[in-house]
Amino acid sequence: MQLIVHGGAWNDHGGSWREVSGESYQEGMRRALDRGIAALERENALEAVIASIEVLEDDPLFNCGSGSSLNLDGKAQMDAAVMTSEGMFGAVAALENVQHPIDVAREVMTRTDHLLLVGEAATRFARSCGFPPYDPTTDSQRSLWREIVGQGQANLLPHLENFRGLQRCSDTVGAVARDRSGRLAVACSTGGLAGKLPGRVGDTPILGAGLFASRWGGAAATGHGEQIMRRLLAFRAVQMMRREPVLKAVATLLPEDPRTFAGGLIGIDWRGQIGYYANTERMPLGIYDRGKILIRSLD
Ligand code: ASP
């Protein structure tokens, strides 16, 4: 049984790592891993990735659920998705006022034959499933938003690529698990890029871009969503896992130079091998492999 979780990939010039200690990220990874491992042992890979993501959605340090980045209107519009190696998939995009977007994505997967629900209708779907209204905005994200809007940095939009250096950090989260029966599941959740245009959807809820799973493996991506979508990063990583070692699959698809595209990838293949790679300065990770726990930051 294996589980890997990540807390985003970013460069320090946004200042986040300086303001928040690395230990805080590692603590978040540890909690996510603990809940995920318990679910992996008791249940299966799907329950494990959902449990890990829920923990991170409740942790205001990470850019998902509570603590999501705000868009140009000052609203949290959240994206989340889940996929299994049997091909089950569910996602939500531009979802508002929900505590756990990943749980709504799972409802899309299990209660409907749709793959992706967006915007106000996705929020209505969440209510119909019984998820109560919940405000995920935090003071720290509000002050980042004021900085972006106040300093006229919004003029850089919609060129988020140029804008990324000003991001405090990415802090999007993802998890991949493989259970004792060899089944794989992947889940990810994000508030997207701070200062994005209202309605912007990144790679996180897009099948094959932010996440993918098949019998050959599972992968989750983080970083500049538009670039991840162009490259169908998660799908291509999983395709490579069929023949190549997992480390090669996650490492070769990212450019060495983060100025081209900054990001990271995690994955587990059909053999149970775990891989992770980022071309950024930071990527908090939590890894569980056959009874052993490893918490670290890729730097
Ligand atoms: N990929 C996410 C997005 O573009 C952000 C991130 O991974 O940090 O919405």
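The following paragraphs examine the structure supplied in this document. (Residues numbered from 1 in each chain as written. Predicted model: local features only at pLDDT ≥ 70, side-chain atom pairs only at ≥ 80, totals over all residues. Heavy atoms only, no water.)

Within the chain one finds 10 helices and 12 strands. Every one of the 299 residues in the chain was classed for burial, and the buried ones make up 61%. In the chain, of all internal contacts separated by at least 6 residues, the share reaching a separation of at least 24 is 65%. Of the roughly 11600 Å² that the chain leaves accessible, carbon and sulfur atoms contribute 49%. (Helix = DSSP H or I, 4+ residues; strand = E, 2+ residues; numbered from the N terminus. Buried < 20%, exposed > 50% of the residue type's maximum accessible area, 1.4 Å probe, protein only. Contact = heavy atoms within 4.5 Å. Areas by Shrake-Rupley, 256 points an atom, 1.4 Å probe, with all protein chains shown as cover.)

Bringing the sheet that holds strand β12 (residues 292-297) into the picture now. In spatial order, the strands read β4-β3-β2-β6-β5-β1-β11-β12; together these 8 strands make up an open sheet with mixed pairing. The open sheet is flanked by β4 (116-118) and β12, the only strands paired with a single partner. Averaged over neighbouring strand pairs, the angle between their axes works out to 5° when direction is ignored. Pairing analysis gives 3 bridges linking strand β3 (residues 89-95) to β4, with the strands arranged parallel. Residue Ala-93 lies in a different strand from β4, and its bridge partner there is Val-118. The sheet contacts of helix α3 (residues 45-58) involve β1 (2-6), β2 (78-84), β5 (173-178) and β6 (184-190), and relative to β5 the element is tilted by about 160°. (Pairing = 2+ DSSP bridges. Axes fitted to C-alpha atoms, helices over the stretch in contact; angles between N-to-C directions.)

Okay, the side chain of Glu-107 next. Topologically, Glu-107 is positioned in helix α4 (residues 101-111). A polar contact of 2.6 Å, which involves the side chain of Glu-107, links it to the side chain of Arg-111. When sequence neighbours within four positions are dropped, the list of residues in contact with Glu-107 reads Thr-112, Phe-125, Cys-129 and Phe-131. (Polar contact = N/O pair within 3.5 Å; in protein donor to acceptor, adjacent residues only side chain to side chain.)

Bringing the pairing of β2 into the picture now. Taking burial as the measure, the 7 residues of β2 include 7 buried ones, the bulk of the element. Because side chains alternate across β2, one face comprises the buried residues Met-78, Ala-80, Val-82 and Thr-84, and the other comprises Asp-79, Ala-81 and Met-83, equally buried. Sheet topology note: the β2/β3 ladder contains 5 bridges and is antiparallel. Residue Met-83 lies in a different strand from β3, and its bridge partner there is Phe-89. As defined by bridge partners, β2 adjoins β6 across 6 bridges and the pair is classed as antiparallel. What sits directly across from Asp-79, in β6, is Thr-190.

It is worth spelling out the sheet that holds strand β8 (residues 217-223) at this point. The 4 strands lie next to each other as β7-β8-β9-β10, forming an open sheet whose pairing is antiparallel. The open sheet has two free edges, formed respectively by β7 (211-214) and β10 (274-278), since each of these has just one partner strand. Averaged over neighbouring strand pairs, the angle between their axes works out to 5° when direction is ignored. Two elements, β7 and β8, share 4 bridges in a ladder whose sense is antiparallel. Paired with Ser-214 across the bridge in β8 is Gly-217.

Over its 12 residues, helix α6 (residues 139-150) extends 16 Å from the first C-alpha to the last, a length consistent with the 16 Å expected when each residue adds 1.5 Å. Residues Gln-141, Leu-144 and Ile-148 constitute the buried set of α6. Burial along α6 is one-sided: seen end-on, the buried residues are contained in an arc of 60°. In α6, the exposed positions that point more than 90 degrees away from the buried face belong to Asp-139 and Gly-150. (Expected span 1.5 Å × (residues − 1). Arc of directions from axis to C-beta.)

What follows deals with the environment of Ala-194. Along the polypeptide, Ala-194 turns up in the loop between β6 and β7. Taking the relative accessible area as the measure of exposure, Ala-194 reaches 2% and is therefore buried. For the pair Ala-194 and Asn-71, spaced 123 residues apart in sequence, the C-alpha to C-alpha distance is 5.7 Å.

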